[in-house]
Amino acid sequence: MSINFKQIEDKLKTEARKLLEEGKVSIVLAYGKGYDEKKPMPYVVRKTSDIENIVFNEYCTANMARYLVRYPRGTKIAIAVKPADSRAVVQLIQEEKVKREDLIVLGIPVYGMKNFKTGETIDSKTTCGIYNPVLYDILLGEEVHGQPVVSPYDVLVDYEKMDKDGRWTFWKKELDRCIRCYACRKACPMCYCDPCFIDQNKPKWGEKSPESQGNLMYHLTRFHHLAGRCIDCGECSRACPVDIPLYLFHKKVAKECEEMFGQAAGMKIEDKPALVNFRVEDSDKILE
Amino acid sequence: MSRIGVFVCHCGLNIAKTIRVSELAQFASTLPDVVVAKDYKFMCSTPGQEMIAGDIKEHKLDRIIVAACSPLMHEQTFRKVVENAGLNKYLVTIVNIREQVSWVTHDIEEGTSKAKALLNGAVYRARLLAPLTSRFIDVSPDVMVIGGGIAGIQAALELANTGKKVYLVEKNSTIGGHMAQFDKTFPTLDCSACILTPKMDAVLQHKNITLMTYCEVTEVKGYVGNFDITVKQKARYVDHDKCNACLACTEKCPGKGVSEWDEGLVKRKAIYIPFPQAVPQKPVIDRDACTFFIKGKCRLCEKVCEQKAIDFEQQDTFSTVKVGAVIVATGYDLMNTKPLVQYGYGKYPGVYSALEVERLFNSAGPTSGKVTLRDGKEPQAIAILHCIGSRDKNNYEHCSRVCCMYSLKFAHLFKEKTSADVYQFYIDMRAPGKGYEEFYNRIIEEDVKFIRGKGARVAESADEPGRMIVEAEDTLTGKFIKLPVDMVVLSPAMIPRSDSKDIARLFNLSTDKYGFFMERHPKLAPLSTMSEGIFIAGVCQSPKDIPDTVAQANGAAAEALTIVVKDKMELEATTAMVNPASCCACQNCIRVCPYGAPFFNEQKGVSEINEALCKGCGLCASVCPASAIIARHFTNDQVLAEIEGLMEF
Ligand SMILES: Cc1cc2nc3c(=O)[nH]c(=O)nc-3n(C[C@H](O)[C@H](O)[C@H](O)COP(=O)(O)OP(=O)(O)OC[C@H]3O[C@@H](n4cnc5c(N)ncnc54)[C@H](O)[C@@H]3O)c2cc1C
Ligand code: SF4
Ligand code: SF4
Ligand code: SF4
Ligand code: SF4
Ligand code: SF4
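Residues numbered from 1 in each chain as written. Chains lettered and ligands numbered in written order. Predicted model: local features only at pLDDT ≥ 70, side-chain atom pairs only at ≥ 80, totals over all residues. Heavy atoms only, no water.

Quick look at the overall build of chain B
Here is the rule we go by: In this description a helix means any DSSP run of H or I spanning at least four residues, a strand means any run of E spanning at least two, and both kinds are numbered starting from the N terminus. Throughout, exposure labels follow a simple rule: accessible area from a 1.4 Å probe, protein chains only, divided by the maximum for the residue type, with under 20% read as buried, over 50% as exposed, and the rest as partly exposed. In this description, contact between two residues means that some pair of their heavy atoms is separated by no more than 4.5 Å. Surface exposure here means Shrake-Rupley accessible area, sampled with a 1.4 Å probe, where a residue is shielded only by the protein chains that are shown. Working convention for charge: Lys and Arg count positive, Asp and Glu count negative, and His plus the chain ends are omitted. We put the charge of a Lys on NZ, of an Arg on CZ, of an Asp on CG and of a Glu on CD.
The number of helices and strands found in chain B is 17 helices and 34 strands. For chain B, the C-alpha atoms occupy an extent of roughly 90 × 70 × 45 Å along the three principal directions. Within the span of chain B, comprising 649 residues, buried residues form 55% of the whole. For chain B, restricting intrachain contacts to residue pairs at least 6 apart in sequence, the fraction spanning at least 24 positions comes to 70%. As presented, chain B carries roughly 28,500 Å² of accessible surface, and 52% of it is formed by carbon and sulfur atoms. Within chain B, one finds 76 positive and 76 negative side-chain charges whose respective centroids are separated by 2 Å.

Written out as structure tokens, the structure is:
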């Protein structure tokens, strides 16, 4: 079985039209035509005449959950989500940023999405590697079965071979290259603070121009802010113009969190965000 | 520009031994904005306090730093000093160079250098401190006591007699606790019921006590002076307002449950009162034993009840009460000795646990006070084994404190009620209470045999079926003993109630390694806890006898009173607030606050903090990704400045 992108696109258009015409939602978050086929854009559909611009192909990697928090609370929104994106929606519901009843989730079972820069398949490498959305109201394709089950943490093998000093050197070197464009933050569905801590002046948490110390401050804090919340969509790493492998850090933290608290981010609406939830049975490992 | 005065305390030699105090004062005088820096032998003494007050006037100081002991000890003292000298009391900073420096090192170089770093940080922070205004809140005048053992009963009566209203919450269907199970009490051997039941009855009659039996606390909100406590009234299936305690129901009931009161030695009915003097003397239905609840048929009790008090539809109900202070007196359990297989408890019918023996002695007990074995025979030889699970590194290291004494009591009662030989197997005899040594001497005279050696094993007798052999080393003679007996009494470790962890969590109490509730200070605040307004009394704090339990209960009542006698209470001004311009509405603050102070303002789309509830713990500020929370007195600027000062070293 392979993914029929065209069919998903058509279904997306049909559902979007129906929802808008019936007045069930005022916005559909989907993908639209971009500069070329490899660069589809995040697309906000507001009226039926926008619908013809909708596309869906293997380059539609953007996580549309990023845009949910932009609209006033209570706005009725339909959102197209791939598996990882659906986890972002779940996480945002857990964090009470959006309400389940305000959303119509258009789930897309999918694999074989590609990085537009390299053409590489991304599945579990930089993404969470699950094939079916964890939450949806309407499914835009058939559920995927029979694909190999790969742990999203397998890509950490080489990284984990490095010792503490090795990792420090690695990240110093990688993060020194950061040009502080904040594309990672903009792409991330969980980075919704306005202003972000690093943009604040009193106190000034870190240097704002790209330089070693400030870069470390920004990224280490951001990694920390995403602990237990990153749903492993990989968008931050793909958005980065200088290709810093941010996903390695996020995945490593996600793995530790999952081991420690027995829950992965954005899997169940009933879960509570791991790091701000106290359970008696929680492991004390975090204190070590 | 601020004008800072730094005062370094020697604390006798406590600090001066491992920190060069004059060098520290000299160093302080070189720091920015420091106008005067001095060291002195005892800063908390009257001359020390006068020196600070004098310097505030003379040098027009507007910030005071005292480098001394923990702020838990003397922060309030020094706040008073600066306040009397006309300064805002939040402008005094304590640098803990005793507990955090001099007591944790022997190295004077290291000590002095760490003290300098801490002081440097404090100066940086002090420059940014702002005056704060305290708030006052109304205090709820009532008190809740949890646990209706002798500790809870005593505390409730004391408080009620001062005119305060008391809610006494007991999870069983009667109050009384373990003391109600005993026949006699050491060292005086007075009858337990005779001294306890009048108190139980006084609780019931007291107009200031609301007795809440068969109840459990399920939620605690608020803070000292204003706790909102939710109590679950477990369904009794008997309407106590209608019941007139005729107990006709308990006669007719065919159901059979295990009598907890008789330590499982006998059965009781499904609708029951635990013992004849129970308070209240009205029955409850044990669902698990009730024929109607099990099989759907019976309702005999309903038929015989003339008052129409039986109500099979009854549900658990919840109510919330407001109190200013709480006394926790949840008592103890005895350790389950079954896992200590060497003693054969649960395997040999002749092995008893101490509380079971208490019931055998009791005239209201299963044998009407006759000491007989499970087969009805009178024992010929009885071994009492001390320290089972206590003073034992593999189980509980602590001494249970009362076992030596009740074992002596048992020996006396065995001698009185049987013609058996009685042997005590002890490690040490501990009799340090008033009249205890005398009691010990009296029992020695009564022809009780004392073997100094811990019982090692209880085995089946090969020669005499049904009898047992107690094995031990007599450490006085060095001989190994094998003693045939037909009754063995174990004195198991006293341990906290199995649900004490839940109570600890509800009231934010710390526990020691065994699970007993921790006092605020082992010597100077033995009844207070780290949670303000919550006090502890009785065995829930540590094993003790009835006299000590009662003394603690009186003390706890007095402590609770110091809170609820006031109309108003001062609250710390160090609360948190949200800067709405930065709040990203993640609601982390709401999730982590242990006091339920932050709430989400749907209208504004940001979180806000209810200052009356905020205790200034700072948790919310630390989890706020957008650094939108200002923790007064510990603002980001102040904390960062302090860190900067520390890092310069
Ligand atoms: C075998 C034996 C013999 C003893 N003999 C003597 C003696 O002769 N003389 C002497 O001075 N001392 C004696 N003691 C010690 C004595 O039992 C204690 O000092 C005394 O009972 C302690 O009283 P308390 O109120 O702290 O605890 P408890 O008697 O245990 O009472 C605690 C009460 O709290 C209730 N409770 C528990 N948890 C909750 C909850 N979560 N919510 C609501 N209620 C709760 C319980 O149901 C109970 O009613 C003896 C001890 C033992 C084990
Ligand atoms: S940190 Fe990166 S991978 Fe994680 S949720 Fe944000 S964008 Fe996705
Ligand atoms: S880095 Fe942190 S503060 Fe900045 S947007 Fe992301 S989560 Fe918010
Ligand atoms: S996207 Fe890349 S370059 Fe831009 S801020 Fe993030 S890590 Fe730095
Ligand atoms: S933690 Fe901070 S950002 Fe989040 S809701 Fe609270 S105040 Fe707002
Ligand atoms: S400082 Fe914050 S977390 Fe602590 S009590 Fe106040 S509101 Fe709650």
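Some details on the pattern of salt bridges
All names here are of chain B. For clarity, the threshold we go by: A pairing counts as a salt bridge when a side-chain nitrogen of Lys or Arg comes within 4 Å of a carboxyl oxygen of Asp or Glu.
Applying the stated criterion to the full structure yields 67 salt bridges over all chains. Here Glu572 and Arg79 are joined by a salt bridge, their closest N and O atoms 2.9 Å apart. Residue Glu572 is located in the loop between strand E30 (568–571) and strand E31 (576–578), and its partner Arg79 is located in helix H3 (residues 71–84); the two are separated by 493 residues in the primary sequence. Residue Glu572 is classed as partly exposed on the basis of its relative accessible area, which comes to 35%.

Observations concerning the domain arrangement of chain B
Residue and element names in this part refer to chain B. As a reminder, the rule being used: Boundaries of every domain are those given by an automatic assignment or by a domain database. Once two parts are brought into contact, the accessible area they lose, counted with a 1.4 Å probe and summed over both, makes up the buried area. We define a polar contact as two N or O atoms separated by no more than 3.5 Å, with the added condition that, inside protein, one atom must be a possible hydrogen donor and the other a possible acceptor, whereas residues neighbouring each other in sequence contribute only through side-chain atom pairs. Ten residue types, Ala, Val, Leu, Ile, Met, Phe, Trp, Tyr, Cys and Pro, are classed as nonpolar, four, Asp, Glu, Lys and Arg, as charged, and the remainder, Gly among them, as polar.
When cut into domains, chain B gives domain 1 (4–132), domain 2 (143–234 + 317–331 + 497–564), domain 3 (248–304), domain 4 (335–494) and domain 5 (576–632). Distance from the C-alpha centre of domain 2 to the C-alpha centre of domain 3: 27 Å. In this assembly, domain 2 packs against domain 3 so that about 1,100 Å² is buried in total across both faces, 64% of it on carbon and sulfur atoms. Together, Ser173, Thr174 and Gln181 form the three largest contributors to the area buried by domain 2 at its contact with domain 3, with a combined 44%. Our count for the contact surface shared by domain 2 and domain 3 stands at 4 residue pairs in polar contact (both at pLDDT 80 or more). Every element with two or more residues in the side of domain 2 that touches domain 3 is listed here: helix H6 (192–205) and strand E10 (209–213). It is H6 that provides the largest number of residues to the side of domain 2 that touches domain 3, a total of 5 residues. Considering only residue class, the side of domain 2 that touches domain 3 consists of 7 nonpolar, 7 polar and 1 charged.

Structural notes on the packing of helix H7 (residues 212–225) of chain A against helix H9 (residues 246–261) of chain A
All names here are of chain A. As a reminder of what qualifies: Here an axis means a line fitted to C-alpha atoms, over the contact stretch when the element is a helix, while the angle between two N-to-C directions is reported on a 0 to 180 degree scale. Helix crossings fall into two classes, left-handed where the near helix is turned counterclockwise from the far one by less than a right angle and right-handed where it is turned clockwise.
Running from N to C, H7 and H9 cross one another at 35 degrees; their axes reach a closest spacing of 10 Å. Here H7 and H9 pass one another in a crossing that is right-handed. Mapping the contact onto sequence places His219, Leu220, Arg222 and Phe223 in H7 and Leu246, Phe249 and His250 in H9. The residue makeup of the contact of H7 with H9, split by class, is 4 nonpolar, 2 polar and 1 charged.

Topic: the side chain of B:Asn120
All names here are of chain B. In this fold, Asn120 is placed in helix H4 (residues 108–126). Here Asn120 falls in the buried class, since its relative accessible area comes to 2%. With residues near it in sequence (within four places) discarded, Asn120 still touches Phe27, Leu31, Gly645, Glu648 and Phe649.

Some details on the site of ligand 4
Defined as follows: One heavy atom within 4 Å of a molecule or strand is enough for the residue carrying it to be called near that molecule or strand.
Close to ligand 4 lie A:Cys178, A:Ile179, A:Arg180, A:Cys181, A:Tyr182, A:Ala183, A:Cys184, A:His219, A:Cys240, A:Pro241, A:Val242 and A:Ile244, which account for all nearby residues. Classifying every residue of the shell around ligand 4 gives 10 nonpolar, 1 polar and 1 charged.

Things to note about the sheet that holds strand E1 (residues 4–9) of chain B
All names here are of chain B. Test applied: One requirement defines pairing of two strands: DSSP has to find at least two bridges between them.
Spatially, E2-E1-E3-E4 is the arrangement adopted by the 4 strands of the open sheet, whose pairing is parallel. The open sheet has two free edges, formed respectively by strand E2 (34–40) and strand E4 (92–96), since each of these has just one partner strand. Along the sheet, successive strands turn relative to each other by an average axial angle of 15 degrees, direction set aside. Both E1 and E2 contribute to a ladder of 6 bridges, which runs parallel.

Description of helix H1 (residues 5–21) of chain A
Given 3.6 residues per turn, any residue in an α-helix points the same way as the ones three and four places further on. All names here are of chain A. Which entries qualify depends on this criterion: One less than the number of residues in a helix, times 1.5 Å, gives the span that helix is expected to have.
Compared with the 24 Å implied by 1.5 Å per residue over 17 residues, the 24 Å span of H1 between its first and last C-alpha is a close match. Three or more residues of H1 are buried, namely Phe5, Ile8, Glu9, Leu12, Lys13, Glu15, Ala16, Leu19 and Leu20. Structurally, H1 contributes buried residues whose contacts are with strand E1 (27–32), strand E2 (41–45), strand E3 (77–81), strand E4 (103–107) and strand E5 (138–139). Its side-chain oxygen 3.3 Å from the backbone nitrogen of Lys6, Asn4 forms the N-cap of H1. A positive phi of about 70 degrees marks Gly23, the residue just after H1.

Concerning the nonpolar core
As a reminder, the rule being used: To define a nonpolar core, start from buried Ala, Val, Leu, Ile, Met, Phe, Trp, Tyr and Cys residues and group those joined through side-chain atoms within 4.5 Å.
Among the nonpolar cores identified, the biggest contains 104 residues, and B:Met144, B:Ile229, B:Val326, B:Phe414 and B:Phe507 are the most heavily contacted of them. A total of 9 residues in this core trace back to one element, the largest contributor, which is helix H11 (residues 403–417) of chain B. Beyond its immediate stretch of four places on either side in the chain, B:Met144 contacts B:Tyr167, B:Val169, B:Val217, B:Ile229, B:Val231, B:Val321, B:Val323, B:Ala325, B:Val326 and B:Ile327. Counting residues in hydrophobic clusters, the runner-up holds 77 residues, among them A:Leu103, A:Cys191, B:Cys589 and B:Cys614.

A word on the environment of A:Glu15
Residues and elements named next belong to chain A. Looking at where Glu15 falls in the secondary structure, it is placed in helix H1. Relative accessible area serves as the criterion here: at 10%, Glu15 is assigned to the buried category. On a C-alpha basis, the gap between Glu15 and Leu140 in space is 8.7 Å, while along the polypeptide they are 125 residues apart. Those residues in contact with Glu15, other than ones at most four positions away along the chain, are Leu106, Ile138 and Leu140.

Brief notes about the interface of chain B and chain A
Each side of the interface is counted separately: chain B has 19 residues, and chain A has 20 residues. For the pairing of chain B and chain A, the buried interface totals around 1,600 Å² over both sides, and the portion due to carbon and sulfur atoms is 52%. Where chain B packs against chain A, one counts 4 salt bridges. Ionic pairing is found between B:Arg591 and A:Glu96, a salt bridge with its closest N-O pair at 3.7 Å.

Points about the sheet that holds strand E29 (residues 534–536) of chain B
Residue and element names in this part refer to chain B. Sheet architecture is open: 5 strands sit in the order E10-E7-E6-E18-E29, paired in parallel fashion. Looking at the sheet topology across the chains shown, the edges are occupied by E10 and E29. Geometrically, the sheet is characterised by an average inter-axis angle of 20 degrees between neighbouring strands, direction not taken into account. Where strand E6 (residues 143–146) lies against strand E18 (residues 325–328), 4 bridges are found, and the strand directions are parallel.

Things to note about the environment of B:Leu373
Residue and element names in this part refer to chain B. Note that Leu373 resides in the loop between helix H10 (354–361) and strand E21 (381–388). Classification of Leu373 as buried rests on a relative accessible area of 11%. In this structure, the C-alpha to C-alpha distance between Leu373 and Gly350, residues 23 residues apart in sequence, is 6.6 Å. Look past the residues within four positions of Leu373 in its chain and what remains in contact with it is Tyr352, Pro379, Asp486 and Met487.

Thoughts on the site of ligand 1
All names here are of chain B. The full set close to ligand 1 counts 37 residues, and Glu170, Tyr332, Lys409, Lys544 and Ile546 are the nearest of them. Asn172 is positioned with one of its side-chain polar atoms (N or O) 3.3 Å from an oxygen atom of ligand 1. Here an oxygen atom of ligand 1 sits 3.0 Å away from a polar atom, N or O, in the main chain of Val539. In the complex, 99% of the free accessible area of ligand 1, which totals 1,000 Å², lies under the protein chains. Taken together, the elements giving at least two residues each to the shell around ligand 1 come down to helix H5 (150–161), strand E7 (166–170), strand E8 (184–185), strand E19 (332–334), H10, H11 and helix H14 (546–564).

Some thoughts on the packing of aromatic side chains
Operational definition: Paired rings are identified among Phe, Tyr and Trp, the last through its six-membered ring, by centres lying within 6.5 Å, and are further divided according to the angle between planes into stacked (under 30 degrees), edge-to-face (over 60) and tilted (the rest). Whether a charge lies above a ring is judged from NZ of Lys or CZ of Arg, which has to be within 6 Å of the ring centre and within 35 degrees of the ring normal.
On inspection of all chains with the given rule, the structure shows 24 aromatic pairs over all chains. The interplanar angle of 75 degrees and the centroid separation of 5.0 Å between the aromatic rings of A:Phe170 and A:Trp171 together place this pair among those described as edge-to-face. For the ring pair B:Phe293 and B:Phe312, a centre distance of 5.7 Å and an interplane angle of 65 degrees mean the geometry is edge-to-face. Of this pair, B:Phe293 sits in helix H8 (residues 291–295) while B:Phe312 sits in the loop between helix H9 (300–304) and strand E17 (317–323), placing them 19 residues apart in sequence. Here B:Phe312 falls in the buried class, since its relative accessible area comes to 7%. In this structure an aromatic cluster arises from ring pairing among A:Tyr159, A:Phe170, A:Trp171, A:Phe223 and A:Phe249. A cation over a ring is seen here: A:Lys97 above A:Tyr192, with NZ or CZ 4.5 Å from the ring centre. In this structure, B:Lys234 packs its charged tip against the face of B:Tyr214, placed 4.9 Å from the ring centre.

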